Amino acid sequence: MLEVEVAGMKLRNPVMLASGILGSKHSSLLRIAEFAGAVVSKSVGVERREGYRNPAVLNRKCCIVNAVGLASPGAEVFSGELREFSMKSKTPLVVSLFASRPDEFASLADYFPFASAFELNLSCPHAENAGMVLGVDEKLVKKCVQVIKDVTDKPVLAKLTPNVTDIVDIGRAAEEGGADAVVAVNTVKAMAVDIFSRKPVLSNIRGGMSGKALKGIALRCVWDLYEELEIPVIGCGGISSWKDALEFILAGASAVQVGSAFYYSYRAIEGIVRGLEEYLRLTGEKIKDLIGAAHENA
Amino acid sequence: MLEVEVAGMKLRNPVMLASGILGSKHSSLLRIAEFAGAVVSKSVGVERREGYRNPAVLNRKCCIVNAVGLASPGAEVFSGELREFSMKSKTPLVVSLFASRPDEFASLADYFPFASAFELNLSCPHAENAGMVLGVDEKLVKKCVQVIKDVTDKPVLAKLTPNVTDIVDIGRAAEEGGADAVVAVNTVKAMAVDIFSRKPVLSNIRGGMSGKALKGIALRCVWDLYEELEIPVIGCGGISSWKDALEFILAGASAVQVGSAFYYSYRAIEGIVRGLEEYLRLTGEKIKDLIGAAHENA
Amino acid sequence: MYCLRVVEVNRFERAEVVSLKFDRKLRGHPGQFVMLNVFGFEEIPISLSSPDTLMIKAAGETTRYLQKVKKGDLFGIRGPFGRPFSLPAREEKSYLVAGGIGIAPLNYLYARLKEMGRDVVVIHGVRSSDEILFDYPEIATNDGSYGFKGNAVQLFKRLLDTSEPFRVYACGPRPMLFSLYREIKRLGALERAEFSLERYMRCGIGLCGSCVKSGGLRVCVEGPVFRGDEISEGDFLV
Amino acid sequence: MYCLRVVEVNRFERAEVVSLKFDRKLRGHPGQFVMLNVFGFEEIPISLSSPDTLMIKAAGETTRYLQKVKKGDLFGIRGPFGRPFSLPAREEKSYLVAGGIGIAPLNYLYARLKEMGRDVVVIHGVRSSDEILFDYPEIATNDGSYGFKGNAVQLFKRLLDTSEPFRVYACGPRPMLFSLYREIKRLGALERAEFSLERYMRCGIGLCGSCVKSGGLRVCVEGPVFRGDEISEGDFLV
Ligand SMILES: Cc1cc2nc3c(=O)[nH]c(=O)nc-3n(C[C@H](O)[C@H](O)[C@H](O)COP(=O)(O)OP(=O)(O)OC[C@H]3O[C@@H](n4cnc5c(N)ncnc54)[C@H](O)[C@@H]3O)c2cc1C
Ligand SMILES: Cc1cc2nc3c(=O)[nH]c(=O)nc-3n(C[C@H](O)[C@H](O)[C@H](O)COP(=O)(O)OP(=O)(O)OC[C@H]3O[C@@H](n4cnc5c(N)ncnc54)[C@H](O)[C@@H]3O)c2cc1C
Ligand SMILES: Cc1cc2nc3c(=O)[nH]c(=O)nc-3n(C[C@H](O)[C@H](O)[C@H](O)COP(=O)(O)O)c2cc1C
Ligand SMILES: Cc1cc2nc3c(=O)[nH]c(=O)nc-3n(C[C@H](O)[C@H](O)[C@H](O)COP(=O)(O)O)c2cc1C
Ligand code: FES
Ligand code: FES
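Presented here is a report on the structure given in the accompanying data block. (Residues numbered from 1 in each chain as written. Chains lettered and ligands numbered in written order. Predicted model: local features only at pLDDT ≥ 70, side-chain atom pairs only at ≥ 80, totals over all residues. Heavy atoms only, no water.)

### Examining the site of ligand 3
Residues and elements named next belong to chain A.
Then, in step 1: The full set close to ligand 3 counts 22 residues, and Ser19, Ser43, Lys159, Gly238 and Ser260 are the nearest of them.
Then, in step 2: Here an oxygen atom of ligand 3 sits 3.1 Å away from a polar atom, N or O, in the side chain of Lys42.
Then, in step 3: One of the side-chain N or O atoms of Ser260 is found 2.6 Å from an oxygen atom in ligand 3.
Then, in step 4: Relative to its free-state accessible area of 610 Å², ligand 3 is covered by the protein chains to the extent of 98%.
Then, in step 5: Among the cavities detected, the one that contains ligand 3 is the largest cavity.
Then, in step 6: When grouped by side-chain class, the residues that make up the shell around ligand 3 number 7 nonpolar, 13 polar and 2 charged. (Near = heavy atom within 4 Å. Polar contact = N/O pair within 3.5 Å; in protein donor to acceptor, adjacent residues only side chain to side chain. Areas by Shrake-Rupley, 256 points an atom, 1.4 Å probe, with all protein chains shown as cover. 1 Å grid on protein atoms, 1.4 Å probe; cavity = no way out; pocket = protein on both sides within 12 Å on 5 of 7 lines; lining within 4 Å. Sits in = over half its atoms within 2 Å of the grid points. Nonpolar A, V, L, I, M, F, W, Y, C, P; charged D, E, K, R; others polar.)

### Focus on the pattern of salt bridges
Then, in step 1: In total, this model carries 68 salt bridges over all chains according to the counting rule given.
Then, in step 2: The salt bridge partner of Arg101 of chain B is Asp103 of chain B, with a shortest N-O separation of 3.2 Å.
Then, in step 3: According to the relative accessible area criterion, Arg101 of chain B is partly exposed, its value standing at 43%.
Then, in step 4: A relative accessible area of 43% means that Asp103 of chain B is categorised as partly exposed.
Then, in step 5: With its nearest N and O atoms 2.9 Å apart, the salt bridge here joins Arg227 of chain D to Asp229 of chain D.
Then, in step 6: Residue classification places Arg227 of chain D among the partly exposed residues on the basis of a relative accessible area of 31%.
Then, in step 7: The structure contains a network of salt bridges with shared partners spanning Arg60 of chain A together with Lys215, Asp244 and Glu247 of chain B. (Salt bridge = Lys/Arg side-chain N within 4 Å of Asp/Glu carboxyl O. Buried < 20%, exposed > 50% of the residue type's maximum accessible area, 1.4 Å probe, protein only.)

### Brief notes about the site of ligand 4
All names here are of chain B.
Then, in step 1: Close to ligand 4 lie 22 residues, the nearest being Ser19, Ser43, Lys159, Gly238 and Ser260.
Then, in step 2: Within the contact set of ligand 4, an oxygen atom lies 2.6 Å away from a backbone nitrogen or oxygen of Gly238.
Then, in step 3: At a separation of 2.6 Å, an oxygen atom of ligand 4 approaches a polar side-chain atom of Ser260.
Then, in step 4: Computed on the free molecule, ligand 4 has an accessible area of 610 Å², of which 98% lies beneath the protein chains in the complex.

### What about the interface of chain C and chain B?
Then, in step 1: Contacts between chain C and chain B engage 31 residues on the former and 29 residues on the latter.
Then, in step 2: When the two sides are added together, the surface that chain C and chain B hide from each other amounts to roughly 2400 Å², 54% of it contributed by carbon and sulfur.
Then, in step 3: Applying the counting criterion to the chain C and chain B interface returns 3 salt bridges.
Then, in step 4: The salt bridge involving Arg53 of chain B is made with Glu42 of chain C; its shortest N-O contact spans 3.3 Å.
Then, in step 5: Where chain C meets chain B, there are 14 residue pairs in polar contact (both at pLDDT 80 or more). (Contact = heavy atoms within 4.5 Å. Buried area = accessible area lost by both parts, 1.4 Å probe.)

### Observations regarding the interface of chain A and chain B
Then, in step 1: Taken together, the contact pairs 45 residues of chain A with 45 residues of chain B.
Then, in step 2: Where chain A packs against chain B, one counts 8 salt bridges.
Then, in step 3: A salt bridge links Arg206 of chain B to Asp224 of chain A, with the nearest nitrogen and oxygen atoms 2.6 Å apart.
Then, in step 4: For the interface between chain A and chain B, the tally reads 13 residue pairs in polar contact (both at pLDDT 80 or more).
Then, in step 5: Grouping the amino acids of the side of chain A that touches chain B by side-chain chemistry returns 25 nonpolar, 6 polar and 14 charged.

Here is the structure:
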């Protein structure tokens, strides 16, 4: 009922954990993997990276703004952590990678022989020399995907930024580079100023906005990508209920990723999976038949 | 205490009405002009325009998504409506213009001799052949501003879209074209799907998101534009309280515009003005001395 | 927006009116309206005719389609929105003056006033007996095919007892409202009368400005119900 | 984030501890913490030591700066966050075992338990008499300069009366918590003990994952207070 196949991965349900949320330790990944269709680990680069000073995350009424700055122990150490996960769980593990140049992506793949797939972070909006600095440039995006596809047979997902004039152009570049799917989207550039101290709240000044406020933006990106690309689209941004997830699936998402909703509940994914299940039991349908269904009615 | 001078306009307070909100009739403009520092009228083009069918506006918890489609009676009829306003109110009237080509902007100016300034809508994200289709292109933006500056001595504000890879590039183009200020920002592209009917909610499918969810995005745009441009920045997006307004002013806005907040209260602007007044009475400061103050502390 | 399902359909075919009952009560008050999203057609403003019913008269494409709705059909709803009718003081007698489909919100108000044990007269004016929707005692037909021959305002003038405190609540076509307004103005009782007005609506939430009337008032928020003294003659002439 | 103003400062200079009282009570419970944004420095997690005070020991740049705070200074606050201490049953005697600045959250718990009329023993272990912050009767000093000579866990073992129902609440440095944990485990009473743990925190709201401990539990949400049986020995060794 809930099974989907995305980018060559068979998932028991279409609800994945988004990168960077509780994805740094095998223990939290394991807990979430009990219910998730797949988990994506925190983005990792070749070298250890401190990340930004606190405050690095801000919770507002309708959104989260974060500038964690891709804090990571580096590929070698992190591969040990993730290996532990892969030994204990059957849930597919997607390893998210960041890099400052296309060829760095290639060198990262080797560290994670146990990965079910790789997700390229071409979209973090606050890292100085990684993420969206590559992801706004069609040529670089294509190149990044190509170099990693050259060194691995595993599926490669390109995670896109909405901070571009036309996300479809970027999605097409990823497709041309050989991506097996695109993930739409990472956070939107945003910030906050504290009126009492009269300073930006985040130490990095600018951050990325996620959560409910992102939903309509992400949904539009999924809709447009679905219309123009051949490869599947994975939806991400502001999904916190089964209704949200279904909205994305109807708009063309083959699967969805859930991040900020864990602020409201550790059972975010469990709740969405259960909700979709109940809904489909009522309608007697299969989730995979609903992917993109709203385009026929539009 | 609250006086500011923006783009050559002296405003008794920095809180303006945003374009497209209650800006089609002189009677509603008059009511809002009682408290506002300035009002911006609904965008008008040369010809009458139907706009999109209903549903054209959707209210969600944290945001409004609209695709009104620049519905307008056309310049000639609308000039009569606005003239009535200008005869009855001393509050500066900014006339918002849309066009499908740069030269059309020039032909519009003549209809509104009573305007205090013009605002160029280079940013509506859902009109087919106007707004953001021009506003994503630096050359066109520069050209649009130039042609209207050639035919009028009035201040010209360029209203920018956040749906671009780098809003500062677009802002710079407006500045080079001779704009007296930029307004940041118009709505972000977004949409919604109804899971019961399995259709996009808006008749136009895609719309623009405004309201609280837009605030952090707009604030980041204002911050970045303030750092790079010489001309003043007018903040717009998700402002609904005096605290929001102050946040934008500290981030570099010389004035702010308020739109969706009228969903919560017709007294949105009155409330913001009163709140700022009280705050400044407490601190003993002048609002104009706070413009961009957070940059010094960052 | 949320979705409601139709659980009962009542057709008044000769009047080209349909009454739709939904699976849930809306938390609204008499005089308020919802934005009804008729999927595949338009989203239109419709007054509540009870906590869970809407009555719709065929006027164009969407409302004509609605005449054919079946039990089980789903509709999108935003609202209820707008200012409801205010309620009369205990000693006041209420005159509810409806023209045509204008009976819809007044029917809801009637029920509410009866619950409260108030003294109410409903006057419903229609073109001919075909268009009678409820069996209120005071019916006026233009063609005299039933009840009083004439229009609702004429019947109202005949029934109004100005010797005791009264309130007037009105909904109907513009010319009818205008003639009633002038009558009430003549009586110097504008602040005792409330009129439900119509304007083209897009947003229903006070932003787009398409429903603004004189005085800068928004029919979707400050209305649709206005007190007589909030209305100017021009409001009936647009 | 919102802002609070300091209305009272209490300095314990020899202990390098400061207690800040704010202009407003935080709606929190003993054991919960806030993310304290020290403008110009870092945002750090600090436990509530009462509904409106925080006690901070100098540990690094930010906490050292905090020692110099003055009345009137403003701080950003997110929270209170996290799971508080659970309260004992009426018949249970509570042993609050604190090491150093670990007394902060237990001081708040003590006040709450006293209000409820419960039987409480507070055991506070410090290095020397310089570091005593409150005049609780049961003080252990490593150097014997005051009270019991030894550490808090040794004193706890001496005072614990296992013949009656009891609960243990603990906060302090990792080695102390570990030795207490083993003692409680030996007694087979892990589910009667609660430990307030510390991990590096970024978000404080359960997203970033930096505070995750064994079992996938988040110290900022499922903690900082954990029951003994939710903790594994490894949690003290990282
Ligand atoms: C506050 C309010 C309450 C109403 N309550 C009821 C009711 O209870 N029952 C009922 O039958 N009708 C009611 N109407 C009128 C109803 O909204 C219109 O008849 C309907 O919108 C017609 O739509 P259509 O597509 O069938 O016709 P169209 O062919 O699109 O239009 C026919 C006429 O309907 C009016 N209309 C169309 N769209 C709108 C719109 N978006 N907003 C306002 N008017 C519009 C215009 O005058 C138009 O000329 C109400 C209107 C308002 C403003
Ligand atoms: C739930 C919780 C409650 C706490 N309650 C109190 C309290 O009531 N009083 C008190 O004095 N201290 C408390 N602490 C410890 C306090 O957070 C650290 O002492 C403080 O962060 C040190 O910051 P610094 O910049 O001065 O030192 P740094 O030089 O930055 O760091 C010194 C040490 O403090 C710890 N630390 C630094 N930053 C953090 C962080 N973001 N999260 C967790 N630990 C950090 C690390 O172990 C680090 O090695 C608590 C910690 C946690 C996790
Ligand atoms: C605290 C935090 C850390 C994140 N870290 C990463 C990351 O390392 N890599 C990445 O691709 N996305 C990262 N993201 C973005 C999320 O994966 C996701 O794209 C975004 O938050 C939108 O989804 P949501 O609204 O469900 O959170 C992070 C988001 C948050 C809130
Ligand atoms: C219903 C609606 C209509 C709008 N029409 C226009 C318009 O005609 N021209 C324009 O420049 N902006 C228009 N906007 C955008 C607003 O002026 C403003 O930029 C945006 O809503 C963000 O501000 P807010 O969050 O305060 O609403 C419209 C917005 C809404 C909600
Ligand atoms: S319908 Fe938009 S303001 Fe009333
Ligand atoms: S501090 Fe981020 S998950 Fe706990």
